[in-house]
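A structural walkthrough
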Amino acid sequence: MDRTRPMQQVNRSSLSLGDPNASSVSLARNAAPPGVAPSPAPGASLIAQEHAWDRQTTALTGIIESDTAPATAGAGTASVPWYQFYRKPGWYKSRNFLICQGITAVIGIVMLFVLLFVIVKVIAQHVVNASVLNIDSAQILEPTNTSFTLVMQGLVTHTGVIPAKIAFTEPVNVSWKINGSEVPLGIINLTPLDSKHKRATINQSTTFAISDEGAFGEFTKAMITQPNFTWHLHSENLKVNALKFPTAHGIRFDKDVTLDGINSFDGNVQLLDFQLPSDNPNGGINFVATTGLNNTSPFAVDLGTVVFDLSYNDTYLGTGTGANSKLAPGPVNITLDGVLVAHNNTDELASLSKLFTAYLNGDNSPVVASGRSTLLPPENQLISWLSKGITALKLDVPFKNPDVNGPLGPIKSISIGDMALVFNENDPWAPLSSTKTVQAFMQLPFGFSISIAEIQNAFNISQNGSTVAGILTPLGSSTSNIKVLSPTDTEGTINISFVDTALQIPQESHGLFSQFTTDLTDLSRNEFQLVGHARAVANLSIGQLTFDPIAFNVTSKLDGLQGLKGETVIESVDVVGGTSEAILLAINVSIYNPSNLELSTGDLSLQLVRGSGVLGTTLLPNLTLEMGRNEIQAQGFFAANESPEGTQTLNDFVGGKNVSVNINGYDQSTKISSLSQAFQTLAIETVLPGLTTRLISGTALKVLNSTGAGNNISHVTVDLVNPFTAGLKITQVQSIVKSHGINLGTIDQAVTIDATGHQTTTSPDINLNLNLNPPDIFAVTRKLAMLAGLGTDQLDGVVALGGYQYTPTTDDDDAPTPSSSNSSENSILTQMRRDTNMYTGFNLPDYVNRAFKQLRADIQLTSLVSIGDYDTTLEYSQLDVPVATDDSLNLLLPILAKPIVQKIVTGSNLGISTVIISNPQENSFGTKLVGNITNSGPFDAKITFGSGLTISWGGKPLGSISMPDVALAADQGAQLDISAEFAVADVDHLTDFTQTLLTEESFEWEVTGENLTVSALGIEVTGIDLTAKTVTLLGMNGLKNGVVINSFDLPSNDPEGGIRLTLNTSVANPAQVGIELSSIGFQNFFQTTNIGPASSTGSFVLAPQSTISLPLVGRLIPQTNEQGLADVSSIFNAFIHGFNSTVKVVGESAGPSGVTWLNEGIKSLQIDTVLPNQGKLDIIKAVTLNELELLFSTDDAYDPPTSSNDATAAFSIPFAFPIDIVALEQNITAAYQGASFALLSIPKGPCSTDVDTRIIHLTFNNTPFAVFDNQHPAFQQFLADTTMKAEETFTLSGIANTDALTAVGVLTLTDIEFSVDTSIAGLQGLDAKQTTVSNLDVYHGYPEYLLITVQTDLFNPSNLTIGTGDVSFDLQFEDTTIGAAVISNAIVVPGSSNYSTNVQYQPQGSAVAVGERMLENYLQGVDSSTTIVGTIDTTPIDSLKRALSELKLTNVIIPALHQNLISSASLTFPTDIVQTKIAQSTFTLSNPFTDHWRQNSHGWESLWKRPPTPQNFKGTI
């Protein structure tokens, strides 16, 4: 009986409580409660009770199951049989009652859940139906032709107060409701919605799968072009879960959602930016237009690259493309770039002209943008449904300049470069205007090229809002210079020209125009407005357009005449004649017109005024005043005698004095009425320039032989210059002649001089009464010298020495010059010496002549003059009239030079800087002397030395030196640089001096001379003496610290014995005396040992106070005693270790051997210097172990005896002389991987050296390789790596001591440090070649193992010999250890070698079978591949454990035994074999091994005790 069935049935059922027609369950009055079985009748058996339970269960099951079938109204009521309950006492404690109660509780709970399922589903469906779906934004991303990503944000409202989760188990079908029908569009999947507080937030990103691409295209068109659209969303089987209520299944979802469409952006289109950045290379103009759109739809779409066609008035403008265009709700900007295409159709060009003109003037033009297509990245994919929507879109774009500042106004300014105005007396109010330099400055915020072919202008000239004049220019060709400066800046000029265009000045504007011309006359600038419009024909890359009209209202200006003030200059005046009333003048006047106007005004008459007096008038006939400078020939009428101002003006003019005058306009200045007001305002201040021509061009003075003797009369002549066209006549002269304030003389004489116009006339001789006072003459001379640019210090000195004082002089502009002080002679000389070179080249006669070439006379005269018919008196004064002189002036010069010269020579100083001795001979030598003579006085001079100079030392003459002439510079003296011969007076005395020169720090010479001749100031003075002069010079001071050996070399053995020595030395000579030598020789000492000579390689000059490079060559001589060898060894050891060695250099010879004073003197020279090191030398370059033996034992595990019969050391020294290392001692530290691990101390022993290659060959035997106690692991690793690798590198460092055989002797070189990396070949795990086994013999059987002897052929690829002692390796077959391979006292030598090996065959456990297989293979003729493996127990030597444990010799072949063990056999069958089943057999066994067999009571057995296998042995063996 299955008591669980009712419960299972309940769990699978559902019950609808919301439907009044649904089925119900009722129980009879006496029926058992739910979950309690009906009680059986009293006295019923237990079987009957069970039957009753079954019936109850069956009835209940029927009820529940009946509910799963479709119900019919009024049917489906189930009943159960009627039972009378029997309640006996304690019935509620009975087992049946308790069971019944439990069942009833379960059924009640189930029924409760059934009721809840029904109620929840009804409520959930109602909530879904009542909810309202609001979509705020919908983003279409990654569109394709079949799908796109839809991102939605919004709210679901009216979802009920109970929080719930709504899950969409099936896709949502989306259809478009149009015209009463639904058009399926596609499906989407929605994630669950969480409802709280009566609303659920929509934030979904899903894929919209398009079911009908064509229908979706039509929908897209509607979405873009219509104000709204409606979607119907449908889905089945939603799941709704609210709080702890059961989940409601099978909910239906049907919603209509009406959304705003884009509606073609109706009324929401604005041009935000419009750029024409450049011309397109293929024609047309590139454009970039940014349009502001307002998307009222919630949809956002990635449009990709959109393409629009632009048109205006049905004229195609071009196509624009907008990349990466996106459409989002609200304001969005779309930027199109493309090309405005070129046109040649007249109507199309007219439309374009209208469009551009309206844009320039700020007017609106409707441009239509028609969608063509859209392409999406990444490969410009065409999305059909999206392109359909775009092609349906037509935007009405208001094409209007978006600049808030209003119209572009391309004409920014109009500048008038210049203008010509021609006034006519007959038509004064219609002047003709012409210009070629009017420029209109045009600027456009674009970047395309443009040129203006034709332009026409109509504008008025206005001031203060009133029209002054008007002008209309005809349409004419124009040139323009318009450049593209940037994509947003095209600017340039348009040139406008017109000729003879009359200004239009109406009657009511006459007054304004008169004021306009007055302002132009008086002001610097006259500004006005040009108001009008232009019609321009422009050439663009899209065609020729006509911009009409282009309005403008710009400020312009004309530069005014500024009243011609400060710009009118009277350049010259010529006297052309005279009448009885006036002097007739031809005036060249320069008038600068600062304006940009060219004015033609007819005749212009102006008055010439000085102060309050009118001097006359000036006429400018038929005046045309051009821009800039005008040179005009005017006519003047000058009445000089009519007023005091006139007379003064004449004297000032002729005297060269400028006169300020005014040129004024007056009421008769012009006959043109439109200019009368303007010209009357003229009041020009100018200057009448004084006559620039001097009337007296020069005079000539001749000093007579009688001048200063009989009288003071000299002769002068005057050159009179007439600068005018008219002639001049002079009849009387009275004059005073001065020069610089000093009276030179006077003239008073009647004379007739007729001066023709524009000619120079020389007067006859005129007597000049000359002033001959000496102080006056010297004062004039000094003044003239200054004017001549000559120094006066020389003259001052001469005058002071003569006892004179200057008469003060004056100048027209300067105060009197103070006289020189002459308080004492010394002060004058001191003053003169302050200025060096003052008298250098000074020649007193020439000086005077040059000074008087500057003689000028100041002349004051009164003369009677006639100009044509006009007579007048002329008072004339002329300064600085040139006066010519000649050599007669030299007669006045006093010569007092000789006492001055002797005094200067006596007070002079002689200095010697350097002396170089050359070509030394016994009694003479050459000298090159450098020195100076100072304090030699104020004059340049030349000294001639009669008998030369005598040089003394120590109170005695050394000799004499011939001297060439010496030139002295004033106040500087002379720099001596002379070569002369020195004659030796005393050889012994010179020898003593040479030793002093070489060894002392300084010495003194005394120099004297007689009968000198001095030439100075243009004269020659003889009989001058040179008194004794003492000169102190620096000596060589033993060349202390002056000899430096920069480098040296020992290149080879010297033929004379020893080692050749070359030295590169520097010698610093501190002395002021140098010497030129053909040779010099030294002996070199180290301590007390003479190590060898050195001498110069050629001639050289030891220059004074300088350092020279002196190459020396010599040798290190052989040393024959221990001290000498020790000293040379010390030098070499110091050099090797980077230390200098001090040596003493002793002079031996110098120059020619016959010059005793030089060769004896050099021997006093002893110099301490050093042999320089080259830093600590790295001598040993490499150590190579070509053969190495290491013999290990347990006692010497970390101190193995080491030997080598072939070790080499390569060494290098920086010298090339032969060196043979005959003995070597080394303490070598071995390092591996940066750690020092062992010491190899090789005692000194003999060795051999390859001298040419400098390689040392050495051997050593049984030297301990002592491993440091703390470096055992490093040694173990080194041995392991050397054992397993092909090559190993390690470091050898330490100290070496050698005995070196050289040409000097055997040198002991000690403590030579080295550190080199060296490599040794590794053993390569002894597996470089296959290990072979031969001569296998089963040698003996033991209780523990079977001893098999073999010969093992091992190959050692290295040059190492390794003694390992007894070693035991595991023997493996088929990866199983079957025994051990033992080599006693193994010594592994380089190359292939046979090693006797004992194989201890003793397989254990599972290895026994493997071992037997190997033996069977052997006996049956099958080779076996084995492996020999090292272990940590291979050797008891600790240092080798790691190395040997890594050995593994693979594929070691055990060759099979190719021999039959049983050579013959026989079988005997006895007669009773049937009963006994025993036969007798015999066989012959051939034993190939050393081990033998024996017979026992069981038969034959092997001595290795292997028990026989019974099935293998039948019979007696």
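Here the structure is a predicted model, which is why all the values come from computation and not from measurement.

Conventions we followed
- Residues numbered from 1 in each chain as written.
- Predicted model: local features only at pLDDT ≥ 70, side-chain atom pairs only at ≥ 80, totals over all residues.
- Heavy atoms only, no water.
- Helix = DSSP H or I, 4+ residues; strand = E, 2+ residues; numbered from the N terminus.
- Buried < 20%, exposed > 50% of the residue type's maximum accessible area, 1.4 Å probe, protein only.
- Areas by Shrake-Rupley, 256 points an atom, 1.4 Å probe, with all protein chains shown as cover.
- Contact = heavy atoms within 4.5 Å.
- Axes fitted to C-alpha atoms, helices over the stretch in contact; angles between N-to-C directions.
- Left-handed = near helix turned anticlockwise from the far one by under 90°.
- Nonpolar A, V, L, I, M, F, W, Y, C, P; charged D, E, K, R; others polar.
- 1 Å grid on protein atoms, 1.4 Å probe; cavity = no way out; pocket = protein on both sides within 12 Å on 5 of 7 lines; lining within 4 Å.
- Points joined across faces, edges and corners; volume = space filled by probe spheres on them.
- Core = buried A, V, L, I, M, F, W, Y, C linked by side-chain atoms within 4.5 Å.
- Expected span 1.5 Å × (residues − 1).
- Pairing = 2+ DSSP bridges.
- Phe/Tyr/Trp six-rings, centres within 6.5 Å; stacked < 30°, edge-to-face > 60°.
- Patch = residues over 30% accessible without salt bridge, like charges linked within 9 Å, V, L, I, M, F, W, Y side chains within 5 Å.
- Salt bridge = Lys/Arg side-chain N within 4 Å of Asp/Glu carboxyl O.
- Polar contact = N/O pair within 3.5 Å; in protein donor to acceptor, adjacent residues only side chain to side chain.
- pLDDT = per-residue confidence, 0-100.
- Parallel < 35°, antiparallel > 145°, perpendicular 65-115°, else oblique.

1. Side note on the overall build of the protein
What the protein contains, in helices and strands, is 21 helices and 78 strands. When burial is assessed residue by residue, the protein has 47% of its 1517 residues classed as buried. Per element, the accessible surface of the protein, about 72100 Å² overall, is 51% carbon and sulfur.

2. A word on the environment of L352
Following the sequence through the fold, L352 ends up in helix 5 (residues 346-360). According to the relative accessible area criterion, L352 is buried, its value standing at 4%. For the pair L352 and T546, spaced 194 residues apart in the sequence, the C-alpha separation amounts to 8.8 Å. In this structure, L352 is in contact with L317, H343, I542 and L545, ignoring residues within four places of it in sequence.

3. Notes on the packing of helix 18 (residues 1272-1284) against helix 20 (residues 1438-1445)
Running from N to C, helix 18 and helix 20 cross one another at 35°; their axes reach a closest spacing of 8 Å. In the crossing of helix 18 with helix 20, the sense of the turn from one axis to the other is right-handed. Seen from helix 18, the contacting residues are P1273, F1275, Q1276, Q1277, L1279, A1280 and T1283; seen from helix 20, they are D1438, S1439, L1440, R1442 and A1443. Taken together, the residues of the contact of helix 18 with helix 20 sort by class into 6 nonpolar, 4 polar and 2 charged.

4. A few points about empty space enclosed by the protein
Picture a little ball the size of a water molecule; that probe, rolled over the atoms, points out where space is still empty. For the coordinates displayed, the defined rule picks out 18 cavities of 30 Å³ or more. Taken as a whole, the largest cavity encloses approximately 650 Å³ of empty space. Lining the largest cavity are 43 residues, with I696, T699, V718, S735 and I859 positioned closest to its centre. Among the elements that make up the lining of the largest cavity, the one with the highest residue count is strand 40 (residues 856-867) (6 residues). Across the lining of the largest cavity, the residue classes break down as 38 nonpolar, 5 polar and no charged.

5. Points about the nonpolar core
One finds F208, I450 and W1005 to be the most contacted residues of the largest nonpolar core, which totals 374 residues. Counting residues per element, this core draws most heavily on strand 12 (residues 299-312), which supplies 7 residues. Setting aside its immediate chain neighbours within four residues, W1005 contacts I912, V915, I951, S952, W953, L958, F993, K1029, T1030, V1031 and L1033.

6. A look at helix 18
In this model, helix 18 (13 residues) spans 18 Å end to end at C-alpha, consistent with the 18 Å of a helix rising 1.5 Å per residue. Inspection of helix 18 places A1274, F1275, Q1276, F1278, L1279, A1280, D1281, T1282 and T1283 among the buried residues, and these make up the whole buried set.

7. Examining the sheet that holds strand 59 (residues 1166-1171)
Backbone-to-backbone hydrogen bonds join strands into a sheet, with any given pair of strands oriented parallel or antiparallel. The strand order across the open sheet built from 7 strands is 51-52-57-55-54-58-59, with neighbouring strands paired in antiparallel fashion. Looking along the sheet, the strands with just one partner apiece sit at the ends: strand 51 (1043-1049) and strand 59. Looking at each pair of strands side by side, their axes are set apart by 35° on average, direction ignored. Packing against the sheet, helix 16 (residues 1122-1136) makes contact with strand 51, strand 54 (1080-1086), strand 55 (1089-1096), strand 57 (1106-1116), strand 58 (1141-1150) and strand 59, and its axis sits at approximately 65° to strand 55.

8. What about the packing of aromatic side chains?
In this description, an aromatic ring pair is defined by two values, namely the gap between the centres and the angle between the planes. The full count for this structure, using the stated rule, is 45 aromatic pairs. Measuring from centroid to centroid gives 4.8 Å for F148 and F208, while their planes differ by 10°, and the two rings are stacked. Pair noted here: F148 is in strand 2 (residues 147-157) and F208 is in strand 7 (residues 199-210), with a separation of 60 residues, a long-range link. Taking the relative accessible area as the measure of exposure, F148 reaches 1% and is therefore buried. Ring plane angle 85° and centroid distance 5.3 Å describe the contact between F168 and F253, whose orientation is recorded as edge-to-face. Linking F168 in strand 3 (residues 164-168) with F253 in strand 9 (residues 248-260), this pair joins segments that are 85 residues apart in sequence.

9. Considerations on a nonpolar patch on the surface
On the surface, V161, I162, L243 and F245 cluster together into a nonpolar patch covering about 370 Å² of accessible area. Within the secondary structure, F245 is located in the loop between strand 8 (228-242) and strand 9. Accessibility expressed as a relative area gives 35% for F245, which makes it partly exposed.

10. Here's the deal with the environment of E1288
Checked against the element boundaries, E1288 lands in strand 66 (residues 1287-1301). A relative accessible area of 8% places E1288 in the buried class. Linking E1288 and Y1232, residues 56 residues apart in sequence, is a C-alpha distance of 9.4 Å. If near-sequence neighbours (up to four positions away) are discounted, E1288 is found in contact with Y1232, F1278, D1281, T1282, T1318, S1319 and I1320. Of note is the side chain of E1288, whose polar atom sits 3.0 Å from the side chain of Y1232.

11. Quick notes on the confidence of the model for the protein
Per-residue pLDDT for the protein has a mean of 83; in total, 87% of the residues score no lower than 70. Confidence over residues 1-86 falls short of pLDDT 50; this stretch has 97 contacts with residues more than four positions distant or in other chains.

12. Points about the side chain of T220
Within the fold, T220 resides in helix 4 (residues 213-225). Using a relative accessible area of 1% as the deciding quantity, one classes T220 as buried. Excluding its chain neighbours within four sequence positions, the residues that come into contact with T220 are W385, L386 and G389.

13. Observations regarding the pairing of strand 5 (residues 181-188)
If a strand is regular, its side chains alternate between the two faces of the sheet. Both strand 4 (residues 172-178) and strand 5 contribute to a ladder of 7 bridges, which runs antiparallel. Following the sheet pairing, V174 is matched in strand 5 by G186. Bridge analysis of strand 5 against strand 7 gives 2 bridges, and the strand direction is antiparallel. Bridged to I187 within strand 7 is A209.

14. Details of helix 8 (residues 644-654)
Buried within helix 8 we find G646, T649, L650, N651, D652, F653 and V654. Backbone geometry just after helix 8 places G656 at a positive phi near 85°.

15. Digging into the environment of Y804
Within the secondary structure layout, Y804 lies in the loop between helix 11 (793-802) and helix 12 (825-833). With relative accessibility at 33%, the residue Y804 sits in the partly exposed group. Remark: the alpha-carbon pair of Y804 and P775, spanning 29 residues in sequence, is separated by 6.8 Å.

16. A few points about unusual backbone geometry
Excluding glycine, residues mostly have negative phi values, and the peptide bonds linking residues are mostly trans. The amide bond that connects D548 to the next residue, P549, takes the cis arrangement and shows omega of -5°. For P549, the position within the fold is in strand 26 (residues 543-559). The backbone of N263 shows a phi angle near 60°, a positive value even though the residue is not glycine. Mapped onto the elements, N263 comes out in the loop between strand 9 and strand 10 (269-279). According to the relative accessible area criterion, N263 is partly exposed, its value standing at 25%. Even without a glycine there, the phi angle at Q1105 is positive, about 45°. For Q1105, a relative accessible area of 45% translates into the label partly exposed.

17. Some points on the packing of helix 7 (residues 510-522) against helix 9 (residues 673-680)
At a minimum axis distance of 8 Å, the contact between helix 7 and helix 9 shows a crossing angle of 40°. Classified by the angle their axes make, helix 7 and helix 9 are oblique. With respect to the hand of their crossing, helix 7 and helix 9 are arranged in right-handed fashion. Residue-level contacts link S514, Q515, T517, T518 and T521 of helix 7 to S674, Q677 and A678 of helix 9. Within the contact of helix 7 with helix 9, the residues separate by chemical class into 1 nonpolar, 7 polar and no charged.

18. Details of the side chain of T230
As for its position among the elements, T230 is in strand 8. If near-sequence neighbours (up to four positions away) are discounted, T230 is found in contact with S175, W176, K177, D256, V257 and T258.

19. Thoughts on the pattern of salt bridges
Opposite charge on two side chains allows them to pair when their charged atoms are near. Applying the stated criterion to the full structure yields 21 salt bridges. Of the charged contacts, one joins D796 and R782 as a salt bridge, the two residues approaching to 2.8 Å between their closest N and O atoms. On the criterion of sequence distance, the pair formed by D796 in helix 11 and R782 in helix 10 (residues 774-787) is long-range, its members being 14 residues apart. On the basis of relative accessibility, which here comes to 14%, the residue R782 falls in the buried class. With a shortest N-O distance of 2.9 Å, K928 and D977 are connected by a salt bridge. Here D977 lies in strand 48 (residues 974-984) and K928 lies in strand 43 (residues 924-934), a separation of 49 residues in the sequence.

20. Concerning the pairing of strand 58
Looking at chain direction, strand 54 and strand 58 are connected through 6 bridges and run antiparallel. Within strand 58, the residue paired with I1080 across the bridge is A1150. Across 6 bridges, the pairing between strand 58 and strand 59 is antiparallel. Note that in strand 59 the partner of T1142 across the bridge is V1170.

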